[in-house]
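Analysis of the macromolecular model
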Amino acid sequence: MRPIQFGGLTLPHRAVFGPMAGFTDAACRRLMAQHGAGFTVSEMVSSRALTFGDHKTFSLLRPRTPGAPYGVQLFGEVPAIMGQAAAAIEGEDFDFLDINMGCPAPKIVSGGAGSALMLHPELCGEIVAAVKAHTSRPVTVKMRKGWDADHVTAVACAKACQEAGAALITVHARTRQQMYTPGIDLEIIRAVKQAVSVPVLGNGDIQTPEDALAMLRETGCDGVMIARGALGDPWLFERVNAAIEGLPQPPAPNLQARMNALRRQVEEMVQQKGERTAMPQARAQAIHYMKGLKGAGALRRACCQLTYLSDMDDLIAEVFAQQRRPEEAF
Ligand SMILES: Cc1cc2nc3c(=O)[nH]c(=O)nc-3n(C[C@H](O)[C@H](O)[C@H](O)COP(=O)(O)O)c2cc1C
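Rules used in this analysis
- Residues numbered from 1 in each chain as written.
- Predicted model: local features only at pLDDT ≥ 70, side-chain atom pairs only at ≥ 80, totals over all residues.
- Heavy atoms only, no water.
- Helix = DSSP H or I, 4+ residues; strand = E, 2+ residues; numbered from the N terminus.
- Rg over C-alpha atoms; globule rule 2.2 N^0.38 Å.
- Buried < 20%, exposed > 50% of the residue type's maximum accessible area, 1.4 Å probe, protein only.
- Pairing = 2+ DSSP bridges.
- Axes fitted to C-alpha atoms, helices over the stretch in contact; angles between N-to-C directions.
- Contact = heavy atoms within 4.5 Å.
- Phe/Tyr/Trp six-rings, centres within 6.5 Å; stacked < 30°, edge-to-face > 60°.
- Parallel < 35°, antiparallel > 145°, perpendicular 65-115°, else oblique.
- Left-handed = near helix turned anticlockwise from the far one by under 90°.

Some details on the overall build of the protein chain
- When helices and strands are counted, the protein chain shows 14 helices and 10 strands.
- Relative to the compact-globule value of 20 Å for 330 residues, the protein chain shows a C-alpha radius of gyration of 20 Å, a close match.
- Reported as C-alpha extents along the three principal axes, the dimensions of the protein chain are approximately 60 × 45 × 35 Å.
- Looking at the 330 residues of the protein chain, the share that counts as buried comes to 55%.

Notes on the sheet that holds strand β9 (residues 200-203)
- Sheet architecture is open: eight strands sit in the order β3-β10-β9-β8-β7-β6-β5-β4, paired in parallel fashion. Bordering the open sheet on either side are β3 (15-17) and β4 (40-46), each of which pairs with just one other strand. Here the average twist between neighbouring strands, direction ignored, is 30°.
- The pairing of β3 with strand β10 (residues 223-226) spans three bridges and is classified as parallel. Each residue of the ladder has a partner; that of valine 16, found in β10, is methionine 225.
- Lying over the sheet, helix α6 (residues 121-132) contacts β6 (96-101) and β7 (139-146), oriented at roughly 155° with respect to β6.

Quick look at the packing of aromatic side chains
- A complete count under the given rule lists four aromatic pairs for this structure.
- Each ring, one from phenylalanine 6 and one from phenylalanine 39, has its centre 6.3 Å from the other, and the planes form 75°; the classification is edge-to-face. Here the residue phenylalanine 6 occupies a position in strand β1 (residues 5-6), and phenylalanine 39 occupies one in the loop between α1 (26-34) and β4, the gap between them amounting to 33 residues. Residues phenylalanine 6 and phenylalanine 39 agree in their burial class; the two are buried.
- Taking the centre distance of 5.4 Å and the plane angle of 85° together, the rings of phenylalanine 6 and phenylalanine 96 count as edge-to-face. Of this pair, phenylalanine 6 sits in strand β1 while phenylalanine 96 sits in strand β6, and the two are 90 residues apart along the sequence. Residues phenylalanine 6 and phenylalanine 96 agree in their burial class; the two are buried.

What to know about the packing of helix α4 (residues 79-88) against α6
- Axis separation between α4 and α6 bottoms out at 8 Å; the angle between their running directions is 30°. Comparing their axes, α6 and α4 come out roughly parallel. Here the hand of the crossing between α4 and α6 comes out right-handed. Where α4 abuts α6, its residues Pro79, Met82, Gly83 and Ala86 lie against Leu123, Glu126, Ile127, Ala130 and Val131.

Right, here's the structure in full:
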């Protein structure tokens with residue numbers, strides 16, 4: 001099987017890490033790339049804020065993720081501003097530029113950006129063209145199935161984006177109206193794959209290697225994007241990649257390895273953003289590491305109290321203490 005290539009980039013693996021605002025900071029991306037994510041993407045950043053030179057927005061893009069291609073994701077709905085934003089980050093260190101056509105958040109779609117773009121296939125193409133005209137990097141797009149059941153536009157939007165020069169398209173197989181819940185529609189990924197010649201990544205609800213294999217098999221897509229399933233479980237990339245590459249499943253990480261990964265991730269967040277900004281964000285990351293542990297409810301509550309980096313030691317001690325408690329205590 002040939003590796004996925006686009007715009008001169010070659011992906012080391014077929015499972016990539018999806019962007020998540022509030023989660024996919026540099027520490028999180030580093031961890032996922034280290035465990036085999038084929039690429040990572042920044043949190044979405046506002047095209048307008050970049051054109052204003054907003055320092056906080058620029059800081060969301062740095063530092064680049066080592067070990068695998070790294071993309072920066074822009075959101076916006078005005079082609080000229082998207083182009084200016086692409087020009088404003090030309091000096092930043094990243095490999096490709098991704099355009100958000102999938103965010104369902106009211107504050108984003110009310111302005112016409114994110115998944116609201118799915119209502120206007122032509123505008124999708126204009127945005128890709130404007131961004132391409134102002135960047136030296138390949139441009140990719142992440143879209144949804146459409147806006148709602150009456151506007152299933154992924155095929156039209158994907159064609160418009162490809163025509164305007166998009167080098168890869170990711171499809172989250174739900175409409176905006178569906179937000180994040182009902183099951184995904186593999187058929188739409190298949191339809192997009194058949195409609196375009198650039199690589200297509202399928203996205204939605206991949207939690208296991210079997211989910212990834214089923215998506216690849218049933219849609220013919222080139223690779224898969226995993227977002228929520230990898231939070232607190234970067235080893236999911238190792239398991240999924242092994243399954244795709246026909247290799248034996250790697251051994252599961254033990255509890256010490258899981259806690260070491262969490263500790264290092266939070267330390268890195270604190271180094272990069274300072275304790276005051278990092279620790280509230282670390283709470284949400286830590287909660288994901290409690291999945292499947294004994295006493296997970298109590299441990300999640302402990303995660304919500306994290307205030308100082310030193311609190312991590314108490315949390316990790318509590319994780320081990322809970323696992324040693326006799327079964328009947330639960
Ligand atoms: C908290 C959260 C934040 C997200 N932020 C972004 C974002 O900034 N850009 C984007 O394209 N998608 C974003 N997404 C969507 C994910 O990338 C992904 O498409 C979606 O969660 C479905 O994939 P999954 O089932 O593997 O999580 C976000 C999802 C979540 C849950």
